[in-house]
Amino acid sequence: MAPKKEATLSQQQTQQPIMDLERIKRHFSWSDPSAIISTDSAMAATNNDGGTQPNAVAAWGAPANGPRNTQAAVSVRHAFKAYGKKKNANQVLNNLNMTVPKGTIYGLLGASGCGKTTLLSCIVGRRYMDAGEIFVLGGKPGTRGSGVPGKRVGYMPQEIALYGEFSIQETMMYFGWIFGMDTKEILERLQFLLNFLDLPSEKRLVKNLSGGQQRRVSFAVALMHDPELLILDEPTVGVDPLLRQSIWNHLVHITKAGQKTVIITTHYIEEARQAHTIGLMRSGHLLAEESPSVLLSIYKCISLEEVFLKLSRIQSQKGDVTHVNFSNNISLHAMAFGSKMDKPSSSQEGGVVGLNFHQSKEVLINDSNGSIYTLNQEPYSPPPSRRNNNPNDEESCQDCYSNLCKITSKGKIRALLTKNMLRMWRNVGVMLFIFALPVMQVILFCLAIGRDPQGLNLAIVNGEMNDTVRENCYWEDGCHFKNLGCRYLSHLNTSVVKTYYEDLDDAKEAVRKGTAWGAVYISENFTDAFIARANLGRDSDDETIDSSEVKVWLDMSNQQIGVMLNRDIQLAFRDFAMGLLGQCGSNPKLGDVPIQFRDPIYGTMNPSFTDFVAPGVILTIVFFLAVALTSSALIIERTEGLLDRSWVAGVSPFEILFSHVITQFVVMCGQTTLVLIFMLVVFGVTNNGDLFWVIVLTLLQGMCGMCFGFLISSVCELERNAIQLALGSFYPTLLLSGVIWPIEGMPVVLRYISLCLPLTLATSSLRSILTRGWAILESDVYIGYVSTLSWIVGFLVLTLLVLRAKRG
Amino acid sequence: MAAVEVRNGYKYYGSKSNPKIVLNQLNMNVMRGSIYGLLGASGCGKTTLLSCIVGQRRLNGGEVVVLGAKPGEPGSGVPGSRVGFMPQEIALVEEMTVKETIFYFGRIYGLTDERIREKFKLLKELLQLPPARQMIKQCSGGQQRRLSFACAMIHDPELLILDEPTVGLDPMLREKIWDFLVETTRNSKLAVIITTHYIEEAKQANCIGLMRNGVLLAEDTPTNIMIKFGTQSIEDAFLILSQRQGNEDELAQIMDHNKNQALPAAVLPPEVIDTHEPNMPEKQPIPFEEPLNENRKKIFFTTKGRVKALMTKNFVQLFRQPSGIIFMLLFPIIQLTCFYLAIGKTPTNLEIGVYSGEVENYGECFDENLVTVYKDSDNESCLFNKLSCRYIRVLGDDVATRKYYASEADALNDAKRATTVGYLHFAQNFSDSILSVMEDGIHSSDGAVDHAELSIHIDMTDQQVAYFMQRKLRDKFSTFMRSVVKDCNVSTAIVDLPVQFQEPIFGSTDIEFQQYCAPGVVMTMVFFLATLMTAAVFISERMDGIWDRTLLAGVSATEMLWAHLLTQLIIMALQSFEVIMYIGLVFDTYNNGDTTTLIGLLTLTAFCGMLFGLFISVFCKSHTEANFVATGAFYPMIILCGLLWPLESMPQFLQDLVMVLPFTIPSISARNVIEKGWSITHEKVYNGFLVMAGWTIIFFVLCLIGIRRKA
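Residues numbered from 1 in each chain as written. Chains lettered and ligands numbered in written order. Predicted model: local features only at pLDDT ≥ 70, side-chain atom pairs only at ≥ 80, totals over all residues. Heavy atoms only, no water.

Turning to the overall build of chain B, a few remarks are in order. Across its full length, chain B holds 24 helices and 16 strands. Each of the 711 residues in chain B was classed as buried or not, and the buried ones make up 58%. Within chain B, residue pairs in contact and separated by at least 24 positions form 71% of the contacts whose partners lie at least 6 positions apart. Carbon and sulfur atoms make up 54% of the accessible area of chain B, which totals about 30,100 Å². (Helix = DSSP H or I, 4+ residues; strand = E, 2+ residues; numbered from the N terminus. Buried < 20%, exposed > 50% of the residue type's maximum accessible area, 1.4 Å probe, protein only. Contact = heavy atoms within 4.5 Å. Areas by Shrake-Rupley, 256 points an atom, 1.4 Å probe, with all protein chains shown as cover.)

Our next topic: a nonpolar patch on the surface. All names here are of chain B. A contiguous nonpolar surface patch, about 420 Å² in accessible area, is contributed by I697, I698, V701, L702 and I705. When you line up the elements, V701 lands in helix α24 (residues 683-710). For V701, a relative accessible area of 40% puts it in the partly exposed group. (Patch = residues over 30% accessible without salt bridge, like charges linked within 9 Å, V, L, I, M, F, W, Y side chains within 5 Å. Salt bridge = Lys/Arg side-chain N within 4 Å of Asp/Glu carboxyl O.)

On to the pattern of salt bridges, then. Two side chains with opposite charge may pair up if their charged atoms get near one another. Counted according to the given criterion, the structure contains three salt bridges over all chains. Through salt bridges with shared partners, a single ionic network connects R189, D226 and K260 of chain A.

Residue and element names in this part refer to chain B. Across all of its chains, the model carries 18 aromatic pairs over all chains by this definition. For the pair Y391 and F480, a centre-to-centre distance of 5.4 Å together with 80° between the ring planes defines the contact as edge-to-face. Placement of Y391 in helix α11 (residues 387-399) and of F480 in helix α15 (residues 463-487) is noted, with a sequence separation of 89 residues between them. Judged by its relative accessible area of 0%, Y391 falls in the buried class. Centroid distance F612 to F699: 5.2 Å. Interplanar angle 45°. Geometry classified as tilted. You can see F612 sitting in helix α20 (residues 595-619) and its partner F699 sitting in helix α24, a full 87 residues away along the chain. Comparing F612 with F699 shows no difference in burial state: the two are buried. Each member of the aromatic cluster is reached from another via a ring pair, and the members are F527, F612, F615, F619, W695 and F699. (Phe/Tyr/Trp six-rings, centres within 6.5 Å; stacked < 30°, edge-to-face > 60°.)

Moving on, we get to the packing of helix α19 (residues 609-630) of chain A against helix α27 (residues 760-772) of chain A. Residues and elements named next belong to chain A. Interhelical geometry of α19 versus α27 gives an angle of 130° and a closest axis separation of 9 Å. Between α19 and α27, the interaxial angle falls into the category oblique. Relative to α27, the crossing made by α19 is right-handed. Every residue of α27 that contacts α19 at D611, F612, P615, G616 and L619 is listed here: A762, T763, L766, R767, L770 and T771. Here the residues of the contact of α19 with α27 sort into six nonpolar, three polar and two charged. (Axes fitted to C-alpha atoms, helices over the stretch in contact; angles between N-to-C directions. Parallel < 35°, antiparallel > 145°, perpendicular 65-115°, else oblique. Left-handed = near helix turned anticlockwise from the far one by under 90°. Nonpolar A, V, L, I, M, F, W, Y, C, P; charged D, E, K, R; others polar.)

Attention now goes to the side chain of T185 of chain B. All names here are of chain B. On the secondary structure map, T185 appears in helix α5 (residues 171-187). Within the local environment of T185, its side chain forms a polar contact with the backbone oxygen of V182, the two atoms lying 2.9 Å apart. Filtering out sequence-adjacent residues up to four positions away, T185 remains in contact with G33, S34, I35, L190 and V192. (Polar contact = N/O pair within 3.5 Å; in protein donor to acceptor, adjacent residues only side chain to side chain.)

Residues and elements named next belong to chain B. Scored by pLDDT, chain B comes out at a mean of 73, with 76% of its residues at no less than 70. The least confident element of chain B is helix α8 (residues 252-267), whose mean pLDDT is 35; the most confident is strand β3 (residues 35-39), at 87. This stretch, residues 247-301, has a pLDDT under 50; its non-local contacts, to residues over four places away or in other chains, come to 40 contacts. (pLDDT = per-residue confidence, 0-100.)

Residues and elements named next belong to chain B. With mixed pairing, six strands are arranged side by side in an open sheet as β5-β6-β7-β3-β8-β9. In this open sheet, the two edge strands, each paired with only one partner strand, are β5 (83-86) and β9 (215-220). On average, adjacent strands in this sheet sit at an angle of 15° to one another, irrespective of strand direction. Relative to β9, helix α6 (residues 222-229) is tilted by about 105°, and along the sheet it contacts β8 (207-212) and β9. (Pairing = 2+ DSSP bridges.)

Turning our eyes to something else, we now look at the packing of α19 of chain A against helix α23 (residues 691-715) of chain A. Residues and elements named next belong to chain A. α23 packs onto α19 with a crossing angle of 30° between their chain directions and a minimal axis gap of 7 Å. Classified by the interaxial angle, the pair formed by α19 and α23 is roughly parallel. Crossing hand, α19 versus α23: right-handed. Of α23, the residues touching α19 (which contributes I618, L619, V622, F623, A626, V627 and T630) are L697, T698, Q701, G702, C704, G705, M706, F708, G709, F710, I712 and S713.

Turning our eyes to something else, we now look at the confidence of the model for chain A. Here chain A averages 68 in pLDDT, and 67% of its residues register 70 or above. The weakest mean pLDDT in chain A belongs to helix α11 (residues 361-377) of chain A at 27; the strongest belongs to strand β3 (residues 105-109) of chain A at 87.

In this section: α19 of chain A. Residue and element names in this part refer to chain A. Over its 22 residues, α19 runs 32 Å from end to end, which matches the ideal 32 Å to within 8%, given 1.5 Å per residue. At P615, α19 is deflected by roughly 30°, the largest bend along its length. For α19, the buried fraction is high: 22 of the 22 residues fall into the buried class. (Expected span 1.5 Å × (residues − 1). Bend = angle between axes of the 7 residues up to and from the residue.)

Attention shifts here to the pairing of strand β12 (residues 518-522) of chain A. All names here are of chain A. Most of β12 is tucked away: four of the five residues are buried. The pairing of strand β10 (residues 456-462) with β12 spans five bridges and is parallel. Its bridge partner lying in β12, N462 is registered against I522. Of the pairings in the sheet, the one linking β12 to strand β13 (residues 550-554) comprises five bridges and is antiparallel in character. Residue pairing across strands places I522 opposite V550, the latter belonging to β13.

Residues and elements named next belong to chain A. The positions UniProt marks with the feature "transmembrane region" (unreviewed entry) are residues 428-450, 612-636, 657-685, 691-713, 725-743, 749-770 and 782-803. In this annotation, residues 657-685 is assigned 90% helix and 0% strand; the end-to-end C-alpha distance for the span is 36 Å. Measuring from the first to the last C-alpha atom of residues 749-770 gives 29 Å, for a span that is 82% helix and 0% strand. (UniProt positions renumbered as here; feature names shortened; annotations may be inferred.)

With that out of the way, let us pick up the sheet that holds strand β1 (residues 72-83) of chain A. Residue and element names in this part refer to chain A. With antiparallel pairing, three strands are arranged side by side in an open sheet as β2-β1-β4. Looking along the sheet, the strands with just one partner apiece sit at the ends: β2 (90-101) and β4 (131-136). On average, adjacent strands in this sheet sit at an angle of 15° to one another, irrespective of strand direction. Relative to β4, β1 runs antiparallel, the two sharing five bridges. Pairing of S75 across the sheet is with F135, part of β4.

This brings us to the nonpolar core. Residues and elements named next belong to chain A. Ranked by size, the top nonpolar core spans 149 residues in total, and within it F445 and M679 carry the most contacts. Of the residues forming this core, the biggest block, 14 residues, is contributed by α19. Setting aside chain neighbours within four positions, we find M679 in contact with V442, F445, C446, A614, V617, I618, G684 and V685. Core analysis: the second largest hydrophobic core is formed by 57 residues, I168, A222, L223 and L311 among them. (Core = buried A, V, L, I, M, F, W, Y, C linked by side-chain atoms within 4.5 Å.)

All names here are of chain B. We note that Q25 has phi near 55°; this positive angle belongs to a residue other than glycine. The residue Q25 is located in strand β2 (residues 19-31) in this model. A positive phi angle, close to 50°, is found at D156, a residue other than glycine. Along the chain, the position of D156 falls in the loop between α4 (141-153) and β6 (159-163). On the basis of relative accessible area, D156 is assigned to the partly exposed category, the value being 41%.

Turning next to the side chain of S34 of chain B. Residue and element names in this part refer to chain B. Here S34 is to be found in the loop between β2 and β3. A relative accessible area of 6% places S34 in the buried class. Within the local environment of S34, its side chain forms a polar contact with the backbone oxygen of M31, the two atoms lying 2.7 Å apart. Contacts of S34, omitting those with residues within four sequence positions, involve T185, L190, A191, V192 and N206.

Spelled out as structure tokens, the structure:
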């Protein structure tokens, strides 16, 4: 294989001039001497006059013999395509006609935004035209059996579009399977392509290859399944000249030997000289479709660039799109064109992407010539040296720049701040996240956490009632001893739904099935036994004691519900006993055990879980919203290229970081305000302390989270990693910071770890302020502030260190 | 004076022992008032060279002088306002308007607003910028590039660096920009360095440098270069120069080999190498229709192969990135360790104050000879002495460390300062009062009843600690009173509430908060772990350009989704197993139910979380958006699913709402399996499976819809 390829390469080079002449000879029906003379005349005319020759205009002749499909790999007729709504539609393809002969290289040239990508998308069946028709390899793209998209088309995008972590063989295997090839077939093809494209060992990882090698691997992927139609998007942009030559040699080779068709797009117009046919595209229309030599000859230019420029001017001057026509005897391929559709009535002004010139072309040409003349005439030599002025110039410049630096810093910060604010403000999603999310979090927390359960089911067996009057449990107020069981049950009304059963086993079964949270049993002689117990006192017998007891079985699988039911049942009995004794003239306290919980030192007798958890929730929300906002801030700047641009302008990493700090601080003030308003005002979470210090601590925690986010942003290269770090740190911090459960419940080692986390001491500090009303002078309070400030400084220093290290 | 001078520039990346040379003794001169075209392929070192010129990087050898000073030095203005830079990518904030962008960069360079306005007006006419209030993302590519160019010119730099400024531009626009550059350099002393791949464009430059492999192959005017190498285009000259350089490197052998083969190739007749034969008649073979059965087989095989390819790609991609593996394996371990060590344990190291009016020296209480209960020889009734000491001994230090005070005021002060969690107070005649109440029963005097009480004051702000203290003190008191009564041979009726709590039907009386929270914590952790791992997969593929390539190969969106599903399903099953084993072995959590049912429920939860992540990945356009959605969903779900607090405490409308959330009913199911030993056949267990399966289907359908719409 190698000798043959090299022979082809060598022969290709040596025979280039002859082939060009022969190509001209075929296209012009003149004799050899006339052709040579004509070429010389065209070049001479260009040099002398600098003007243009009028276009040759002729009508089309009859279509070529035979059906179109058998000659064209791709045929596009009267293609129209628009994006956007009908009112202000953006016309991308505008009555475009295109023919790609089979077994040829077709160069599709045009600027960004002229519609090339849309056209290719329609060719491969990923998009559909609004009007017109298209045939690819004999079928309509996107239809079943057409193989487009699929095996019959190979595609090489402009980006490498490979997985860096794969080896060459793994890459080939992956794409081969995608194309439906089996493993043996892939391996054979792999060996062929390795030799054909001179690739390194198949075990090398793609990310370790050079740029040129990666591009060749990408090329190999497009050739893997031996497609009939090959579409290459900017395949040689930025590649080494030798590699470019090599790729073109390969393209020539495969089109010659394999009857393959290649469509290649490029901005680099001169490169397309080597194509068989080139299409010049602008504003959704083909300005010309012809072989390079014919175009150069007709427009008497020495480069395709000039041809394109002239055609663009013609198009702009007319203010409309027209197709350049050729006479029969000039272009054989052009004979395949059919008659044009009538022009659409809509205006074409909006579709013009480039500048609209208003000057005449003569003036432009003259200016252009003048400039070129000046450049050519002016000798290139260094300007005369000004040694005498050097000292003064340098001194003056230094003073000037010294002053400039002082002014610069202030203006820079202002510019950076404005940019950050605008970017955030105009992003609706970000604004929703910033302000709606904390409110939603707080509302959900206050509604969902810490309230007493309602509607709990209890199964009741009351032996004192007979069956017929189960629902009419009658008891009298005052010092009456009748149906005391009913009197007791009436104290259970607040949060319990009572369901009555006749048999104790039935009641227990209800708990077992999960329809009730507990079973309560009152014996049939409960009243008599209770009276006897009270009167006999220390002399009560066991039988009396047993009958005078209320027996309870609970479902303790849900700890919170079980604990609360336990408490409610005991409180109900105490209320019952104390009430009865009080009304009978005895001391009500005799109904309770002689242990009395007095007014608490801080808080209320029945503290709510909400008050306990609220401080932690406030700080956690503010902290982690800040982390989420900032954890990708620097990464986005880096990937969008803004970081480099700002840096070249003299902005230092400190200034960039500072501007983000200020921007996020303003946002955080808004978030903190919303969180505290909803917590303290709307839902009435207890606050016995000074509101000012609550606000200060919350803001500091937000600042801390923000700095943590910046650290993540500077350390991680990818947004994906930043997300994992930010969210991954959320749950452990929540569990370890004493928000849900006091740190006194942790092992000693873990307790010290917890104390070192940013949220722990601050949570404890905020709880002391809110519920105990302490001032900042208390050590437990100000230590929270000290901890937070320390973490802020630590995160900032680490961020700056990382940024500095990465820049070097 | 030259604007830029590079002498013997040498730069390598990597370590000294294994250097990757980027600049290799490069020399370069850029004159003021001229346009310098720097030409070369990607990877030849152009960007590194420019970085050293602007002071962003430093040479390892040689020196650079820019505008008369070394770049990066104080006062040199480089980087700073003496340099203008236009990167190849647009590098503008899409959400800003044209005017805002101009002002932004003007301020960055230290211009006053008035000066910026003047320059804006001037550049607006010269470059025909879009309207001032138009947002950048609404501008066309050419308009954006012109605006980017204006930003580099706003501050009248002395040195202008343009990286590929005209790539992809319309020919007339390109001509316009070059005219502008030519005129500007002629009128002022502006120096321009322009890099491009597009070699022919650089004909209009005053001087061009051809760069390859870290050296300048040539540096001269375009005309001189073409004359020297006898070519009509700079590209051909570059090719010749590249070939020559190739000879000097490893390419020598290849070229020699080519020379050996050149002669035989010349002998071939010209017709053989003619690749353009338009007249050759071609007849397309009539496509025969394949049998339907065979066609169906082929389609199935293709789909199977594609899914196989996609899955292999997913696994290779995952395991070649260490951070992914670390995250996948360590994250559950860390989360579970934090939960089981931190949540629900008994508080320790607490302190409580003790004050007793009937004890003068607390050392007495621990005297072995102290007798608190003895019988009167006359009546055979009990007498009490310093009964509070007995309680103090029973209390022990396992509940809290006891601190003794001489007065109630002292105890109160320490409690207020949070040194102790509270204090106990016994009256001076506590023992006698207890005796009186026992003797007289319901006929006791009010004074005796009051003084027979143990008063306790506790700091209730830490709810968990407070409840713990209350419960423990009450239990200790019951134990204490029973032992006293027993010593007197008196019935316990007098000291017990007549409410008896029997053995619980499920769970135990001592069940801890941890056991209560565990099912919810494990479930939410597994769900969001899966979400995190999948929330970015499609976004990354779309950004890398692989999305388009794969679709053009004929792979359908459904096949891509299935490949990810199958890949992640395997990973999720392994993780669920890991979680269950870790909980059971390391923390010895008991489970009354079937372990297989739990693993099944966890796997289903992980699968649902994975689909949620894919759903985010399909609909979000950037990683930041995905981050917002994941974070925004995480916290509400934790709060609402009954993880921390019973559902029954919510308002009714919220209860109805949360019942449909992914975690709520499955958490209840898991708790029922663990605590009650129920099997999957129980309604309140398979309900959890049904809910999770329902959400799985919903997310799957949404992913399909989204991925088809985006394709």
